[in-house]
Amino acid sequence: MPTIVFASSKGGAGKTTAAIVLASELAQGTSVTLIDADPNQHSAKWAQKEGCPSNIILIEKSTEETIIEDIDVAQEKTAFVLVDLEGTASMAVASAISRADLVITLCQGSQDDADEAVKTIKLVNRQAKVLNRGIPYVVLMTRTNPAITPRTLKHIINEFRSAGVEILETSLIDREAFRAIRSFGGTIHDLDSSQVSGVEKAVANAHALAVEVIQKLKNIKNEKELNYA
Ligand SMILES: Nc1ncnc2c1ncn2[C@@H]1O[C@H](COP(=O)(O)OP(=O)(O)O)[C@@H](O)[C@H]1O
Ligand SMILES: [Mg+2]
């Protein structure tokens, strides 16, 4: 079933947060495999905490030797496969990208981040050439400010769009709730809104992200079918 790969050539870009937030949303309705192929094992640590939805199956410590097999087996078992990667362009990253139905690359609102996202997109394009197939990718803007869209962020978004790079309409907003689950475990739905601010808004944000990603996967599938027709 569809494999979504979170890739960025930079640590701290927001991959793990986006992966566990999306995994939690998808797991509300179906089964998800979360493959952690980052030696730091941050998403595995989250998934091993109490409160992780039971229909998220964790595959920890995936490496360049095992990642293809891990993805192929998971695709047979669960409705979605999400792969969290390290922040470098390694063999494991290239392998995961080669199996992706959708690569999500992360970008925070700085020029450095945008440059790193471009590097990731180039890697995706190289893998697409190697495999002689299109590998769909999108940029997810993350840690955005709900109140303001700074000029730099607007500029970066315009640059991507004019280069034909698709950006998800939903950005992941910088919210305490998305940090809290990394510490406490569980999902944003389990957070106590009297203790963590903005839980409801985080829930709406995560839901919007999941809806948009699912729609994007449907569009990709339809386009593929059209191409084969
Ligand atoms: N949307 C967000 N809201 C609040 N904090 C975030 C958000 N996305 C990432 N962070 C924080 O930024 C840091 C880096 O994010 P992380 O997801 O671990 O990045 P990566 O996996 O790419 O290294 C973490 O401390 C995380 O809690
Ligand atoms: Mg990470």
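Check the entry above for the structure.
All values derive from a computational prediction rather than experimental measurement.

Engineer: Got a sec to walk through helix α4 (residues 91–99)? Specific residues and values, please.
Structural biologist: Residues spaced three or four apart along an α-helix face the same direction, because each turn holds 3.6 residues. Most of α4 sits inside the fold, with 7 of its 9 residues counted as buried. Taken together, the buried positions of α4 are A92, V93, A94, S95, A96, I97 and S98. As for α4, its buried residues are in contact with β1 (3–7), α3 (67–77), β4 (80–84), β5 (102–107) and α5 (111–131).

Engineer: So what's going on with the sheet that holds β4? Which residues, and what values?
Structural biologist: One open sheet holds the 7 strands; their spatial order is β3-β2-β4-β1-β5-β6-β7, and the pairing between them is parallel. Of all strands in the sheet, those with a lone pairing partner are β3 (56–59) and β7 (172–173), marking the two edges. Taken together, the 5 bridges between β5 and strand β6 (residues 137–144) define a ladder with parallel strand orientation. Residue pairing in the sheet places T105 in a bridge with V139 of β6. Those strands touched by α4 are β1, β4 and β5, and its axis lies near 145 degrees from that of β1.

Engineer: Outline the nonpolar core, listing residues and values.
Structural biologist: With 41 residues, the main nonpolar core has I4, F6, L82 and V213 as its most contacted residues. Considering each element in turn, this core owes the most residues, 8 residues, to helix α8 (residues 199–228). Excluding residues within four positions of it along the chain, L82 makes contact with I4, F6, A19, L22, A23, L26, V32, T33, L34 and I35. In this structure, V5, I67, A96 and V124 belong to the second largest nonpolar core, which totals 19 residues.

Cut-off values and rules
Residues numbered from 1 in each chain as written. Chains lettered and ligands numbered in written order. Predicted model: local features only at pLDDT ≥ 70, side-chain atom pairs only at ≥ 80, totals over all residues. Heavy atoms only, no water. Buried < 20%, exposed > 50% of the residue type's maximum accessible area, 1.4 Å probe, protein only. Helix = DSSP H or I, 4+ residues; strand = E, 2+ residues; numbered from the N terminus. Contact = heavy atoms within 4.5 Å. Pairing = 2+ DSSP bridges. Axes fitted to C-alpha atoms, helices over the stretch in contact; angles between N-to-C directions. Core = buried A, V, L, I, M, F, W, Y, C linked by side-chain atoms within 4.5 Å.

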